[in-house]
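# Chains, contacts and geometry: an overview
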Amino acid sequence: MAKSTTMLWGIAGVLFVALAGVAAYKALPILNPEVGGVAALDSGCDLRAGPCHSELPGGGSVSFAIKTPGIPLVKPLDLEVRLTGIEASKVEVDFIGIDMNMGFNRPRLSAKGGGVYGGTGMLPVCVRVAMEWEARVLITSPRGLLAAPFRFITVKEGVALPGGGQ
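In this report, we go over the structure that sits alongside the text. None of these values were measured; they are calculated from a predicted model. (Residues numbered from 1 in each chain as written. Predicted model: local features only at pLDDT ≥ 70, side-chain atom pairs only at ≥ 80, totals over all residues. Heavy atoms only, no water.)

### Some details on a nonpolar patch on the surface
Judged by side-chain polarity, Met 7, Leu 8, Ile 11 and Leu 15 come together as a nonpolar surface patch covering roughly 440 Å² of accessible area. Inspection of the secondary structure puts Ile 11 in helix 1 (residues 2–31). (Patch = residues over 30% accessible without salt bridge, like charges linked within 9 Å, V, L, I, M, F, W, Y side chains within 5 Å. Areas by Shrake-Rupley, 256 points an atom, 1.4 Å probe, with all protein chains shown as cover. Salt bridge = Lys/Arg side-chain N within 4 Å of Asp/Glu carboxyl O. Helix = DSSP H or I, 4+ residues; strand = E, 2+ residues; numbered from the N terminus.)

Quick look at the structure:
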């Protein structure tokens with residue numbers, strides 16, 4: 001009896017590991033999609049001051065704006081992407097913590113017409129006073145998946161950014 005119970009637990013363990021492996025294999029393309037081209041990062045971009053612009057490899061451009069003033073944490077952010085010279089079947093914004101994994105956070109934007117996509121996203125609460133983020137605009141196009149990175153900093157409510165910005 002004890003031998004058959006041990007064998008059943010062994011089989012259950014092997015099945016669980018196999019199931020976890022299949023789930024990880026299926027989730028990997030969602031979490032880390034294969035990008036066909038990445039626009040150069042504009043280090044002079046300040047999303048707090050207004051939209052930032054980037055040229056896409058192979059032609060076309062993308063403009064990204066977080067229209068919510070101050071880019072607050074844990075509050076809805078009004079997001080806008082404008083595409084020029086490229087068709088897209090899907091546009092998403094992947095929010096990535098630069099020095100800290102903040103989990104999967106990738107809102108899909110809706111087409112508004114004329115190459116404009118809009119929607120809302122939200123940044124999670126962070127234990128740090130200031131946090132550097134990358135908003136990676138992911139564009140699904142006939143040329144494959146294209147990405148345009150835009151960096152910004154958030155600060156806890158009531159704290160001023162270094163250099164006097166809010």
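### Some details on the state of the cysteines
Evaluation of the coordinates by the stated rule reveals one disulfide. Each disulfide pairs two cysteine sulfurs, and for Cys 45 the partner residue is Cys 52, the sulfurs being separated by 1.9 Å. A torsion of 90° about the S-S bond marks the disulfide between Cys 45 and Cys 52 as right-handed. A relative accessible area of 6% means that Cys 52 is categorised as buried. (Disulfide = S-S within 2.5 Å. Buried < 20%, exposed > 50% of the residue type's maximum accessible area, 1.4 Å probe, protein only.)

### Some details on the packing of aromatic side chains
Taken as a whole and assessed by the stated rule, the structure comprises two aromatic pairs. Ring centres of Phe 95 and Phe 152 lie 6.3 Å apart, and the angle between their planes is 90°; this geometry places the pair in the edge-to-face category. Residue Phe 95 is located in strand 5 (residues 90–97), and its partner Phe 152 is located in strand 9 (residues 144–155); the two are separated by 57 residues in the primary sequence. With respect to burial, Phe 95 and Phe 152 carry one shared label: buried. (Phe/Tyr/Trp six-rings, centres within 6.5 Å; stacked < 30°, edge-to-face > 60°.)

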